[in-house]
Amino acid sequence: MQKLDYIIVGQGLAGSLLAYELLKANRKVLILNDESIPTSSAVAGGIFNPITGKNLDKTWLADTIFPYSKHFYLALEQETHTHFYHETNLFRPYANEQQRRHFLQLTDEFDLGKYIQLIAPNQYDGISNPLGGLYTTSAGWVDVPLMLQVLQELFLEAEAYQAEKFEYQALSISAEKVTYKNLQADKIIFCEGYYASQNPLFQWLPFNPAKGETLIAAIADYNIKEIVNQGSWIIPLGNQLHRFGSTYVWNQLDWQATNESKEAILSKIDKFLLKPYQVITQQAGIRPTTKDRRPFLGNHPSHLNVYVFNGLGTKGVSLAPYFAHELLLHLEKNKDLMPDSNIRRFYSLYSL
Ligand SMILES: Cc1cc2nc3c(=O)[nH]c(=O)nc-3n(C[C@H](O)[C@H](O)[C@H](O)COP(=O)(O)OP(=O)(O)OC[C@H]3O[C@@H](n4cnc5c(N)ncnc54)[C@H](O)[C@@H]3O)c2cc1C
């Protein structure tokens, strides 16, 4: 029997950052990860953006989580000698005069100066921006697949990773420990993203999963370094490659790319991109979004040693570093979890 402090199920953003924190705290960890299934993290645009949407809403906890995640990603880059954190302004050309007025009013009304910069018309070659637009600063994107690959290498080196599908019926739970096949651990933490819907222990949590698709395209003679967003976005990946995205679909939860989504993305891109492009690939994923748009952290109502870290939704890149650390402090130092993230808020939905 192999003895562990923690078993972690899943090596997406949630499982990876939590395992990293626990290993740093010198805990004995083993990640079990099914490599044969598609994941949300593999498809994510990886954008982090403190100000989003039609009403320039400030992201929940932006003033805390953005400085935290920046520090985290830069330190991880340094440790792994890999570049995956790309800080860049996000340019939102005004779609029309009405939107320009609306955005200017919001910028005036709320104290957004820390995150917003106004941009004069026609500053960009290749993008239609006759009315100008605005930048959100402190934005950018993380190359999530690259970061997770580098982390997996680190986990393998630490003998903390096993490619394996976790079978729920093989788990036995007692008050002191959990046992899974030849493994015995103090605690188990489920980080399966959308696949939590198949986990008999956490199926009751109120997810509201959203399918999404992105495209990779080559754009000729396009040199814009910023992310550009006008309904759909373009992220410059380097080597003439760009990611276009994304869609939101709540009623057809599968991992198949569709023509409908491709057309939905391209019809928006065509409104502002003035350069010819060629679509190379298309990917689909399912975001582990939650009904109240807050993450799911905490222990199972009946089992103090069975945990979940999930519900990162549309903002995994911004939320995962901070909440992985919150969970570490809770597990190792008994620090209370933030009530807005603690699954205790939904215990009333659980029935034995
Ligand atoms: C189209 C699209 C665009 C997105 N764009 C952005 C963006 O720009 N910015 C942003 O912050 N977020 C974005 N997201 C959201 C982001 O992808 C998620 O918030 C995040 O990746 C979720 O990570 P996770 O670890 O919870 O889930 P996942 O990445 O899905 O990982 C779950 C892991 O669990 C494993 N697993 C599941 N079941 C089992 C089992 N039984 N046994 C073993 N292993 C198992 C899977 O193999 C997988 O590795 C986007 C998502 C999509 C779909």
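Please read these numbers as outputs of a predicted model, since none were measured by experiment.

### Here's the deal with helix H3 (residues 97-109)
The first and last C-alpha atoms of H3 sit 18 Å apart over 13 residues, in line with the 18 Å expected at 1.5 Å per residue. Residues Phe103, Leu106 and Thr107 constitute the buried set of H3. For H3, the angular spread of the buried residues around the axis is 100°, confining them to a single face. Residues Gln98, Arg101, Asp108 and Glu109 are exposed on H3 and point more than 90 degrees away from its buried face. Where the residues of H3 are buried, they touch strand E7 (90-93), strand E8 (116-119) and strand E9 (133-136). Where H3 starts, the residue carrying a side-chain oxygen 3.3 Å from the main-chain nitrogen of glutamine 98 turns out to be asparagine 96.

### Looking at the domain arrangement of the protein
Domain annotation of the protein identifies domain 1 (2-43 + 145-206 + 292-349) and domain 2 (88-138 + 208-287). Once you take the C-alpha centre of each, domain 1 and domain 2 turn out to be 32 Å apart. Domain 1 puts ten residues into the contact, and the matching count from domain 2 is twelve residues. Note on domain 1 versus domain 2: buried area summed over both sides is about 900 Å², and carbon and sulfur give 67% of it. Inspection of the domain 1/domain 2 interface yields two residue pairs in polar contact (both at pLDDT 80 or more). In terms of residue class, the side of domain 1 that touches domain 2 is made up of six nonpolar, four polar and no charged.

### Points about the pairing of E7
Going residue by residue along E7, you find Leu90 and Arg92 tucked away on one face and Phe91 and Pro93 tucked away on the opposite face as well. Sheet topology places E7 next to E9; four bridges connect them, and they run antiparallel. Bridge pairing in E9 places phenylalanine 91 opposite tyrosine 135. Bridge count between E7 and strand E16 (residues 227-230): two bridges; the pairing is parallel. The residue of E16 that forms the bridge with leucine 90 is isoleucine 227.

### What to know about the packing of helix H2 (residues 62-80) against helix H6 (residues 316-333)
At a minimum axis separation of 8 Å, H2 and H6 run at an interaxial angle of 85°. Between H2 and H6, the angle is such that the two are roughly perpendicular. Listed contacts from H6 to Thr64, Ile65, Phe66, Tyr68, Ser69, Phe72 and Tyr73 of H2 are Val317, Ser318, Leu319, Pro321, Tyr322 and His325. When its residues are assigned to classes, the contact of H2 with H6 shows nine nonpolar, four polar and no charged.

### Focus on the pairing of strand E15 (residues 210-219)
Burial within E15 is extensive, with nine of its ten residues counted as buried. As paired strands, E15 and strand E19 (residues 277-287) are joined by ten bridges and run antiparallel to one another. Bridge assignment links alanine 210 to a residue of E19, and that residue is arginine 287. One ladder, built from five bridges, connects E15 with strand E18 (residues 241-245); its direction is antiparallel. Across the sheet, the residue bridging to alanine 217 is histidine 242, located in E18.

### Considering the pattern of salt bridges
Applying the stated rule across the entire model yields 16 salt bridges. Between arginine 27 and aspartate 5 there is a salt bridge whose closest N-O contact spans 3.9 Å. With arginine 27 in the loop between helix H1 (13-24) and strand E2 (29-33) and aspartate 5 in strand E1 (residues 2-9), the pair connects residues that are 22 residues apart, well separated along the chain. Arginine 27 sits in the partly exposed class, given a relative accessible area of 29%. Residues participating in the shared-partner salt-bridge network are Asp5, Arg27 and Glu332.

### Things to note about the sheet that holds E16
Hydrogen bonds along the backbone pair up the strands of a sheet, which may run parallel or antiparallel. Ordered by their spatial adjacency, eight strands build an open sheet running E8-E9-E7-E16-E17-E18-E15-E19, and the pairing between neighbours is mixed. Each edge of the open sheet carries a strand with a single partner, namely E8 and E19. Within this sheet the neighbouring strands show an average axis-to-axis angle of 25°, counted without direction.

### Focus on H2
Spanning 19 residues, H2 covers 26 Å between terminal C-alpha atoms, matching the ideal 27 Å at 1.5 Å per step. Ala62, Ile65, Phe66, Ser69, Phe72, Tyr73, Leu76, Glu77 and Thr80 are the residues of H2 that are buried. What you see down the axis of H2 is that its buried residues fit within an arc of 135°, all on one side. Along H2, the residues that are exposed and aim more than 90 degrees away from the buried face are His71 and Gln78. Phi turns positive, to about 50°, at histidine 81, one or two residues after H2.

The rules behind the values
- Residues numbered from 1 in each chain as written.
- Predicted model: local features only at pLDDT ≥ 70, side-chain atom pairs only at ≥ 80, totals over all residues.
- Heavy atoms only, no water.
- Helix = DSSP H or I, 4+ residues; strand = E, 2+ residues; numbered from the N terminus.
- Expected span 1.5 Å × (residues − 1).
- Buried < 20%, exposed > 50% of the residue type's maximum accessible area, 1.4 Å probe, protein only.
- Arc of directions from axis to C-beta.
- Contact = heavy atoms within 4.5 Å.
- Polar contact = N/O pair within 3.5 Å; in protein donor to acceptor, adjacent residues only side chain to side chain.
- Domains from an automatic or database assignment.
- Buried area = accessible area lost by both parts, 1.4 Å probe.
- Nonpolar A, V, L, I, M, F, W, Y, C, P; charged D, E, K, R; others polar.
- Pairing = 2+ DSSP bridges.
- Axes fitted to C-alpha atoms, helices over the stretch in contact; angles between N-to-C directions.
- Parallel < 35°, antiparallel > 145°, perpendicular 65-115°, else oblique.
- Salt bridge = Lys/Arg side-chain N within 4 Å of Asp/Glu carboxyl O.

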